Amino acid sequence: MDFWLSYVTLAAIYVLLGLSTNLLVGIVGIFSVSQAAIFGVGAYIVAHFLMAADPISFLPALAIAAACCIALNVLVTLPSLRVSGDYFVVTSFGIQLLATAVFTNWTGGTGGANGLPGIPPPDLWHRPLEDAWQVMALCLAACVLGCVCFFLVMRAPYGRLLRAIREDELAVAAAGKNVLRAKVSAAALAGAFAGVAGGLYATFLSFIDPSSFDLDSSILLLTMVVVGGARTLVGSILGPFLLLALPQVLTMIDIPTTFAAAMRQLIYGVLLILFMLFRPQGLAGERL
Amino acid sequence: MLWLQLLVNGLVTGCALGVVAISFSLIYATTKLFHVAHAGVYTMSGYVAWSLASRGAPLIVAMVVAIAAATVLGALIQGQLYARLERRRATHLVVLIASLGVLAVIQNVLAALYTPNILQFDLPWAANVVSLGASVRLTWTQILTIAVSLAAFIGVIWFAHFTILGKRIRAVAANPFLAEITRLRPQSVYVIVMAIASAIVALPGVLVPLDLGLQPYGGVTPLLTATIAMIAGGVGSIGGAFLLAVAIAVLQNLSLLLIPGEWSIGITFFIFVIFMLFRPTGLFAAAR
Amino acid sequence: MLRKVGLAIAALAVGTIGGGTPGARAADPIQFGAILPLTGPGAVVGTQEQRGIQFAIDAINAKGGVQGHKITVLFEDNQAKPDVAVLSFNKLVDLQHVQMIFTGYSGPTLAMAPLATRKKILMVNAGAQADKLGTASPYLVNTLPSTGDEVKVISKYLIEQGKKNAAVLYENDAAGIGGRDDFVDLFPKAGGAILAQEPTQFGQTDYRPALLKLAAAKPDVMYVVITAGMVQLADQLKQMNPSFVTAGSTFMSDPAAIADPNSTGLIHTQVQIDAPPELSAAFKATYGADMDFFARQYYNAAQIILTTLDKVLTEKQAVTGENLRTALFAIRAFHGLIPMEFKTNTATVPISINMMKDGKDVTIKQVTAD
């Protein structure tokens, strides 16, 4: 049972990340491969506060993490406003690699390459959630909240504004709308989602290290959004659930063990290529 | 003197990086595509050369075959994948993701065929040391790397400015729409450019592993650093890309005198991000 | 779209139903698990570990299994990542009901340790050496000493040889930093001094800048903690022609590095684990690769488990993690490829000091860790 619980819990956390990535990349059109870095910051902040000499409760720690991630995400997407889309790709890669360097080398703050073991489980108003069911329920609740938020935002005039910016930024600016503010607030919302996901992740696994927040993780997030479907709520849910299940499904297929694992990564790559060739909008998305 | 040896080592790695930068610059300036899979072509050429060298072929033969293999691979990716995506009017994001997929496929095929171990070329003469003065010692491989890289650099500049094909490529790069109308056939130019760039990148693709060993997953960081050099040097400027690549490598080496080694890559990307905020067009941007 | 979701769920369901059964009934195959890095940067080590286990299992199955039960080991790839390891752990235990899991790599093992305690699954580590592993879980046993033990041995030897000033080159990841921390702590306690330290990225084989910087501090000895790229390090050291001695731990004993003539003069502690020549030859014939340190370690670990399993079955007990663990500590002393004893969760094993010379690794001193 624990396997299913941990699968659903992780999927819920990744859905939040998927929403975050979808907001930035799919809807606003800011190409970001540094979402895993923000995710990591959220995780490390919550871990820090829960394990401090004077620990604080989970929800306030989560709030602090969300606030920091909002600020950070806005800061990190600022270059995209000055720099054209293709150049920003490299900047985003650079930001992710810089973040990985900080996670790995700032031993005082992040535990360095050894990571932070022994993170306590989440607690609601000082009542710890020890049970796997309870943790899953918490993550699902956060996930549902995120989805509702996303849905409402997309329905509102603000959502239409974001879509319009993607279609034709110049026209929107000419119509007198504040493009900069819209983009920045989308980045802020995306940051909040990622920060909350980070806090949940840290307390669920009870151990975090830089390898969970590196470039490969960012690319996995991108894959989830692309395969699940860009720009839609359903896509953000479908992508994480499917892609987390994929390695497990592939283990059912009999491949000689010597290169089974490389084969699986290869299949990921092939999937990306096939999707981009034949169904770039993903399973449930709109055209990227 | 410590700094002199560090400087010379930086020049060697910088020259190899410079060739990667100019090959990537050729592709990007012409097709405007962020061909991440270039790192895969780079890695593959090393493995092809190793396969031949370990069966007794002389290095020059191994290198020629590696160049041929890279050319074919590059042309294939462009012709079969990117051209198809272009016909379907895919956005750059879609192409980038497809390219990431190709990279994953190449890296994992290599890992499956050659195991993930770091492989070493078995050429005794390659590691023989030459002393220049009292404090500088270089291996023959390092000397060869500088010589070949400089030759490639000069060759590409001559090609771009003094041959008809080179001029045609520059015309297409400057204005693809006009090129289409004036029957310069951009699509076939793209294939030619990919083929040439892939051939060029095979040179460091063989020489760097000759010095430092072969690994399937090691191509991404040099590619990113080369891209930074390309952008900081100004897209479209071959000289800029090469010079900046050398400058970055030398700086990374010399920075060891001042800052702890684990931060040298982080600092590189940090400087780049600052660069993007204040001077996104690069130092030697080609006139637009 | 919904169809695709349905297909995925169906596939998962198939996998669930296809899971194994707990315990051991007459002639039922017994399943164990192994969570190792099979892709990504750790794959070099992980594949060898996998081969070592598989080699031992194939051998015992050829003889009819353990008391008539065939053994299968289910391999999972953790990509050297803790979160993937946790998912794999839960999958193996919940869906496939394994009661014993082989593990390697410190990060993922530490992440799984609390789970092993809670679910009473025996975990055997034969490759990771972080000091924390000794006390991470009562259900985690380590068949090799921690880096701290090896560092104590080499520090004492180096001081005896008059090498009192050291520089440290370490890989910037859990294994390297752990080794660096141990050396920086224990070498001064043995009477030495640390002059300089330089990190290097895992997989970054250009050591020249770091070596130059360390050499500038003029040490007597350079202590190296890297897990990959030994051949390149040896070559670049030779190029530099240094005046200091280079020392390391078991990490240094990469067969390719030993065979490289440029490695002559490198000394290192070696956790002793030898394989008889026929075994190595058979391994090479099967897998086309030398039976290196990790392959031998995991072959040995597999044998320990098989011996333990035999005892549990002889005493007609259910094959559970708890019973396996009790039996392992009851047996205490094992005579696989090398004699080892479990006085604590970490086995005591002889450590030798070796020097690489003209393509061979020669033992110059024997020590037993305690």
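Residues numbered from 1 in each chain as written. Chains lettered and ligands numbered in written order. Predicted model: local features only at pLDDT ≥ 70, side-chain atom pairs only at ≥ 80, totals over all residues.

Describing the overall build of chain A
Tallying secondary structure elements over chain A gives 12 helices and four strands in all. Its C-alpha radius of gyration of 19 Å places chain A within 12% of the 19 Å reference for a compact globule of 288 residues. Here the C-alpha coordinates of chain A stretch approximately 55 × 50 × 35 Å along the principal axes. Per-residue burial for chain A yields a buried fraction of 57% across its 288 residues. Contacts spanning at least 24 positions in sequence make up 76% of the contacts within chain A whose residues lie at least 6 apart. (Helix = DSSP H or I, 4+ residues; strand = E, 2+ residues; numbered from the N terminus. Rg over C-alpha atoms; globule rule 2.2 N^0.38 Å. Buried ≥ 20, exposed ≤ 12 C-beta atoms within 10 Å, placed from the backbone. Contact = placed C-beta atoms within 7 Å.)

Digging into the overall build of chain C
Within chain C, the regular secondary structure consists of 12 helices and 14 strands. In terms of its C-alpha atoms, chain C occupies a principal-axis envelope of roughly 65 × 55 × 40 Å. Here the contacts in chain C between residues at least 6 apart in sequence split such that 66% fall between residues at least 24 apart.

Focus: the pairing of strand β2 (residues 136-139) of chain B
Moving residue by residue along a regular strand, the side chains alternate between the two faces of the sheet. All names here are of chain B. Bridge count for strand β1 (residues 129-132) against β2 is four bridges, and the pairing is antiparallel. Looking across to β2, one finds that Ser131 is bridged to Arg137. A loop of three residues connects β1 with β2, the two strands running antiparallel in sequence, and Gly133 in this loop sits at a positive phi of about 75°. (Pairing = 2+ DSSP bridges.)

Comments concerning the nonpolar core
Counting 318 residues, the largest nonpolar core has Ala21, Ala229 and Ala245 of chain B together with Ile101 of chain C as the members making the most contacts within it. Residue contributions to this core peak at 17 residues, all from helix α8 (residues 186-212) of chain B. Formed jointly, this core draws a minimum of three residues from each of two domains, domain 1 (19-144 + 275-337) and domain 2 (147-271 + 351-368) of chain C. With residues up to four places along the chain from it excluded, the contact list for Ala229 of chain B reads Leu17, Ala21, Ala241, Leu244, Ala245 and Ile248 of chain B. (Core = buried A, V, L, I, M, F, W, Y, C linked by C-beta atoms within 7 Å. Domains from an automatic or database assignment.)

A look at the packing of helix α1 (residues 2-28) of chain A against helix α9 (residues 179-205) of chain A
Residue and element names in this part refer to chain A. Axis separation between α1 and α9 bottoms out at 9 Å; the angle between their running directions is 165°. By the angle between their directions, the pair α1 and α9 is classed as roughly antiparallel. Pair α1 / α9 crosses with left-handed handedness. Of α9, the residues touching α1 (which contributes Thr9, Ile13, Leu16, Leu17, Leu19, Ser20, Leu23, Leu24, Ile27 and Val28) are Lys183, Ala186, Ala187, Leu189, Ala190, Phe193, Ala194, Val196, Ala197, Leu200, Tyr201 and Phe204. Partitioning the contact of α1 with α9 into residue classes produces 19 nonpolar, two polar and one charged. (Axes fitted to C-alpha atoms, helices over the stretch in contact; angles between N-to-C directions. Parallel < 35°, antiparallel > 145°, perpendicular 65-115°, else oblique. Left-handed = near helix turned anticlockwise from the far one by under 90°. Nonpolar A, V, L, I, M, F, W, Y, C, P; charged D, E, K, R; others polar.)

Some thoughts on the interface of chain A and chain B
In this assembly, 35 residues from chain A lie in contact with 37 residues from chain B. Secondary-structure elements contributing two or more residues to the side of chain A that touches chain B are α3 (58-82), α4 (85-105), α10 (215-228) and α12 (260-278) of chain A. The biggest single contributor to the side of chain A that touches chain B is α4 of chain A, with 14 residues. Here the side of chain A that touches chain B is composed, by residue class, of 27 nonpolar, six polar and two charged.

Brief notes about the sheet that holds strand β1 (residues 30-36) of chain C
All names here are of chain C. In spatial order, the strands read β2-β1-β3-β4-β5; together these five strands make up an open sheet with parallel pairing. Two strands close off the open sheet at either side, each with one partner strand: β2 (71-77) and β5 (140-142). Each adjacent strand pair in this sheet contributes to an overall mean axis angle of 25°, direction not counted. Here β1 runs beside β2; their pairing, made up of seven bridges, is parallel. When the sheet's bridge partners are listed, Gly33 is paired in β2 with Leu74. The sheet strands contacting helix α3 (residues 82-95) are β1, β2 and β3 (100-103), and the helix crosses β1 at an angle near 175°. Packed onto the sheet, helix α11 (residues 293-314) meets β1, β3 and β4 (122-125) and runs at close to 165° relative to β3.

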